[in-house]
Amino acid sequence: QVQLVESGGGLVQPGGSLRLSCAASGIIFSFYAMGWYRQAPGKQRELVALITRGYSTNYADSVKGRFTISRDNAKNMVYLQMNSLKPEDTAVYYCNVGLNGNAYWGQGTQVTVSS
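Below you will find a few notes about this structure. Computed from a predicted model, the values in this text were never measured in an experiment.

One ladder, built from five bridges, connects strand E4 (residues 34-39) with strand E5 (residues 46-51); its direction is antiparallel. Within the sheet, the bridge partner assigned to glycine 35 lies in E5 and is leucine 50. The antiparallel pairing of E4 with E5 creates a hairpin that spans six residues between the two strands, and glycine 42 there sits at a positive phi of about 75°. Where E4 and strand E9 (residues 91-99) come together, five bridges link them in antiparallel fashion. Residue pairing in the sheet places tyrosine 37 in a bridge with tyrosine 94 of E9.

Encoded structure:
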């Protein structure tokens, strides 16, 4: 009964910012690494950012220096702060957690960067 719910997507101009949120339930949140993935039309889903239970982070080269992943264990929330957005960031963004041999995904939230 793991559930992940993303929010915060929308339409922004190049150079703008968005903060995505993911609310998790059905897990002991602090035990697990959490990730943000994205999938653009015609492209494979890719890992954008990962944060471990120990707060270590990893980022795709394409977003380093622009995106920041964070988590609030008290609220069972993970965030993705996206700054200096580019048109190539346009995609559906998904929250992810892996446990018991399965990957769990949220419904996704659309981010569109366009002038």
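A few words on the packing of aromatic side chains. By the definition in use, this model includes two aromatic pairs. Centroid distance tyrosine 37 to tryptophan 105: 5.0 Å. Interplanar angle 75°. Geometry classified as edge-to-face. Placement of tyrosine 37 in strand E4 and of tryptophan 105 in strand E10 (residues 102-105) is noted, with a sequence separation of 68 residues between them. On the basis of relative accessible area, tryptophan 105 is assigned to the partly exposed category, the value being 31%. Taking 6.3 Å as the distance between ring centres and 85° as the angle between the ring planes, the aromatic pair formed by tyrosine 94 and tryptophan 105 counts as edge-to-face. Taken as a pair, tyrosine 94 in strand E9 and tryptophan 105 in strand E10 lie far apart in primary sequence, 11 residues in all.

Attention shifts here to the nonpolar core. Nonpolar side chains tend toward joint burial in soluble globular proteins. One finds Trp36, Val78, Leu80, Met82 and Tyr93 to be the most contacted residues of the largest nonpolar core, which totals 29 residues. Among the secondary structure elements, those contributing two or more residues to this core are strand E3 (18-25), E4, E5, strand E7 (67-72), strand E8 (77-82), E9 and strand E11 (109-113). If sequence neighbours within four positions are ignored, leucine 80 has contacts with Leu18, Arg19, Leu20, Trp36, Val48, Ala49, Phe67, Thr68, Ile69 and Tyr93.

Moving on, we come to the environment of alanine 24. Mapped onto the fold, alanine 24 is located in strand E3. Overall, the relative accessible area of 11% leaves alanine 24 in the buried class. A sequence separation of 73 residues divides alanine 24 from valine 97, and the C-alpha atoms of the two residues are 9.1 Å apart. Among residues more than four places away in sequence, those in contact with alanine 24 are Gln3, Leu4, Phe29 and Asn76.

By the element assignment, glycine 10 lies in strand E2 (residues 10-12). Glycine 10 sits in the partly exposed class, given a relative accessible area of 24%. Residues glycine 10 and glycine 54 lie 44 residues apart in sequence; the distance between their C-alpha atoms is 30 Å. If sequence neighbours within four positions are ignored, glycine 10 has contacts with Leu18, Gln110, Val111 and Thr112.

Calculation rules
Residues numbered from 1 in each chain as written. Predicted model: local features only at pLDDT ≥ 70, side-chain atom pairs only at ≥ 80, totals over all residues. Heavy atoms only, no water. Pairing = 2+ DSSP bridges. Helix = DSSP H or I, 4+ residues; strand = E, 2+ residues; numbered from the N terminus. Phe/Tyr/Trp six-rings, centres within 6.5 Å; stacked < 30°, edge-to-face > 60°. Buried < 20%, exposed > 50% of the residue type's maximum accessible area, 1.4 Å probe, protein only. Core = buried A, V, L, I, M, F, W, Y, C linked by side-chain atoms within 4.5 Å. Contact = heavy atoms within 4.5 Å.

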